[in-house]
Amino acid sequence: MNTRTVLLWHNNGEERIYFTVNPARLTVSRPNENRVRSLAMGGTVNIWGGRGLREVKMTTFLPASNSPFFGGQEPESVLAMLKSWQDSGDPVRLIISGTDINDAFLIEDVSETLAEGDRDVGLTLTLREYKFKSALAALAGGSGGSPAQKRTDERVTPQTYTVKKGDTLWDIACRFYGDGTKWGTIAAKNGVTDPRKLQIGKVLTL
């Protein structure tokens, strides 16, 4: 049984991947951009350079349709989606419940492992944190840019969401709250009595 939710989504949630098998190993790197400088009289100093970009590396496997862990998406379909997102250059949102990770990332590497006679596909995924242009401008002190140069921060949670085929309150809570266990909050706001029966096209208040 999964103890946490690992969710990737692209294009504001139009495309998404929910890992039915949690990564056996998940490593989060949070480096600083410190600089080591040599002193004229000998020796070195370490100068703080601010926080760098987080990197997340996860290892799991994508179960095939004959596996008891199969979640409805064939490994080939998941791999094609990941590679498409990687090649697009667009950021994806990575949400890992129980952690502080609910941010935009770029896919750096998609590595697959194939074993003879096994339709399951091993997957190692590496992602690096993405900074929106508006955040970079703020860091550089470039607040004087024209409105056309400023990009809306996509991390702002929208006020409403329209239910699509296959949606569950758990998935929606993961997507917008970063925690599937908060599905009850959405249910209470919208008078949903049966979370397993969501009407397609229903507009939910978040």
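Reference entry: report on the structure contained in this document.

Criteria and thresholds
- Residues numbered from 1 in each chain as written.
- Predicted model: local features only at pLDDT ≥ 70, side-chain atom pairs only at ≥ 80, totals over all residues.
- Heavy atoms only, no water.
- Buried < 20%, exposed > 50% of the residue type's maximum accessible area, 1.4 Å probe, protein only.
- Helix = DSSP H or I, 4+ residues; strand = E, 2+ residues; numbered from the N terminus.
- Pairing = 2+ DSSP bridges.
- Arc of directions from axis to C-beta.
- Contact = heavy atoms within 4.5 Å.
- Polar contact = N/O pair within 3.5 Å; in protein donor to acceptor, adjacent residues only side chain to side chain.

Turning to the pairing of strand E9 (residues 118-129), a few remarks are in order. For E9, the buried fraction is high: 9 of the 12 residues fall into the buried class. Of the strand pairs in this sheet, strand E6 (residues 55-62) and E9 are connected by 8 bridges, and their pairing is antiparallel. Residue pairing for E9: Lys57 is matched across the bridge by Thr126. Pairing between strand E8 (residues 102-115) and E9: 10 bridges, direction antiparallel. Along E9, the bridge assignment pairs Phe105 with Glu129. What sits between E8 and E9 in their antiparallel hairpin is a turn of 2 residues, with Gly117 showing a positive phi close to 80°.

It is worth spelling out helix H4 (residues 183-190) at this point. Those residues of H4 that sit buried are Ile186, Ala187 and Asn190. End-on, the buried residues of H4 take up no more than an arc of 100°, which puts them together on one face. For H4, the elements touching its buried residues are helix H3 (169-177) and strand E11 (203-205).

A separate point is the side chain of Thr60. Its location among the elements puts Thr60 in strand E6. We classify Thr60 as buried; its relative accessible area is 8%. A polar side-chain atom of Thr60 sits 2.9 Å from the main-chain carbonyl oxygen of Val21.

Geometric descriptors of this kind do not, in isolation, establish any biological role.
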